[in-house]
Amino acid sequence: MAKTQLNVRLDEDTVEAARQAAGNRHMSLQEYIEHLVKSDTDPLRKRSSRRRRT
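Small disclaimer: the values here were computed from a predicted structure and weren't measured.

**Re the overall build of the protein chain**
Then step 1. Of regular secondary structure, the protein chain possesses two helices and zero strands.
Then step 2. The burial tally for the protein chain puts 7% of its 54 residues in the buried class.
Then step 3. Summed over all atoms, the accessible surface of the protein chain reaches about 5,300 Å², with 51% contributed by carbon and sulfur.

**Brief notes about unusual backbone geometry**
The phi torsion of most residues other than glycine is negative, and most of the peptide bonds are trans.
Then step 1. Positive phi, normally seen in glycine, also occurs at His 26, with a value near 55 degrees.
Then step 2. Exposure remark for His 26: the relative accessible area of 77% places this residue in the exposed category.

**Description of a negative patch on the surface**
Then step 1. Side chains of Asp 11, Glu 12, Asp 13 and Glu 16 sit close together on the surface and give a patch of like negative charge.
Then step 2. Relative to the helices and strands, Glu 12 resides in helix H1 (residues 12–24).
Then step 3. For Glu 12, a relative accessible area of 71% puts it in the exposed group.

**A word on the pattern of salt bridges**
Then step 1. The full count for this structure, using the stated rule, is two salt bridges.
Then step 2. Between Glu 34 and Lys 3 there is a salt bridge, with the nearest N and O atoms lying 3.0 Å from each other. You can see Glu 34 sitting in helix H2 (residues 29–53) and its partner Lys 3 sitting in the segment before H1, a full 31 residues away along the chain.
Then step 3. Glu 34 is the partner of Lys 38 in a salt bridge, and the nearest nitrogen-oxygen pair spans 3.5 Å. Taken together, the residues span about one helical turn, with Lys 38 and Glu 34 both in helix H2 at a distance of four residues.
Then step 4. Looking at Lys 38, the relative accessible area reads 42%, which means it is partly exposed.
Then step 5. Of the residues examined, Glu 34 reaches a relative accessible area of 29% and is grouped as partly exposed.
Then step 6. Each of the salt bridges in this network shares a partner with another, and the network as a whole consists of Lys 3, Glu 34 and Lys 38.

Basis of the calculations
- Residues numbered from 1 in each chain as written.
- Predicted model: local features only at pLDDT ≥ 70, side-chain atom pairs only at ≥ 80, totals over all residues.
- Heavy atoms only, no water.
- Helix = DSSP H or I, 4+ residues; strand = E, 2+ residues; numbered from the N terminus.
- Buried < 20%, exposed > 50% of the residue type's maximum accessible area, 1.4 Å probe, protein only.
- Areas by Shrake-Rupley, 256 points an atom, 1.4 Å probe, with all protein chains shown as cover.
- Patch = residues over 30% accessible without salt bridge, like charges linked within 9 Å, V, L, I, M, F, W, Y side chains within 5 Å.
- Salt bridge = Lys/Arg side-chain N within 4 Å of Asp/Glu carboxyl O.
- Lys, Arg positive; Asp, Glu negative; His and termini not counted.
- Charge placed at Lys NZ, Arg CZ, Asp CG, Glu CD.

What follows is the structure in structure tokens.
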């Protein structure tokens, strides 16, 4: 799947917390943020795909 670049502005404390959390999981910051978004939206995507099939 192709990747799209996204720019976001976060306060320094949030960025540092995200970097630490990503490092603790042996992930890059990009991988960590992608994981969070997918985890948060997975139920929505599953529900949406089920509706399309019926």
